[in-house]
Amino acid sequence: MKSFVKYVLLLTFSGYTYVCMELLFRGRSDITMMFCASICVIPMIYLNNKFTYEVDFLLQIALSAIYATLIEYCFGMIFNTDYHIWDYRNMPFNINGQICLLFSLSH
């Protein structure tokens, strides 16, 4: 039970932190982004608990960035079909206006 509460708190904290950062830097956010951010933290927690220092830190970052980009794309295709949350259609290397590979590389 203690472990379950720990993970719920980590997921909740990550979601709220992301929304707060978006509000600070962008001036707006959407409730779906809280859930997106929470889901994106799952592989980071897993990699940290499973491999600790055995796996190169840059590899962990790369895997997490790939996962976060895939999750953002899925959320975009489900919740952002009218581009009211974000819109990358005018950015180079975008995929369906939902993700921008340049931003994925900058994570």
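Rules used in this analysis
Residues numbered from 1 in each chain as written. Predicted model: local features only at pLDDT ≥ 70, side-chain atom pairs only at ≥ 80, totals over all residues. Heavy atoms only, no water. Helix = DSSP H or I, 4+ residues; strand = E, 2+ residues; numbered from the N terminus. Contact = heavy atoms within 4.5 Å. Patch = residues over 30% accessible without salt bridge, like charges linked within 9 Å, V, L, I, M, F, W, Y side chains within 5 Å. Areas by Shrake-Rupley, 256 points an atom, 1.4 Å probe, with all protein chains shown as cover. Salt bridge = Lys/Arg side-chain N within 4 Å of Asp/Glu carboxyl O. Buried < 20%, exposed > 50% of the residue type's maximum accessible area, 1.4 Å probe, protein only. Phe/Tyr/Trp six-rings, centres within 6.5 Å; stacked < 30°, edge-to-face > 60°. Lys NZ or Arg CZ within 6 Å of the ring centre and 35° of its normal.

1. Focus on the side chain of S104
Right, on to step 1. Tracing the sequence through the fold places S104 in helix α4 (residues 101-105).
Right, on to step 2. The residues contacting S104, other than those within four sequence positions of it, are A65 and T69.

2. Description of a nonpolar patch on the surface
Right, on to step 1. Taken together, the side chains of M1, F4, V5, V8 and L9 make up a nonpolar region of the molecular surface, amounting to roughly 540 Å² of accessible area.
Right, on to step 2. The residue L9 is located in helix α1 (residues 2-26) in this model.
Right, on to step 3. Judged by relative accessible area, which is 55%, L9 ranks as exposed.

3. Brief notes about the packing of aromatic side chains
Aromatic rings in a pair are described by how distant their centres are and how their planes are angled relative to each other.
Right, on to step 1. In this structure the tally under the stated criterion is two aromatic pairs.
Right, on to step 2. With 5.4 Å between their ring centres and 50° between their planes, Y88 and F103 make a pair best called tilted. With a gap of 15 residues between them, Y88 in the loop between α3 (57-79) and β1 (94-95) and F103 in helix α4 connect regions that are remote in the sequence.
Right, on to step 3. One Lys or Arg, R89, reaches over the ring of Y83 and ends 3.8 Å from the middle of that ring.

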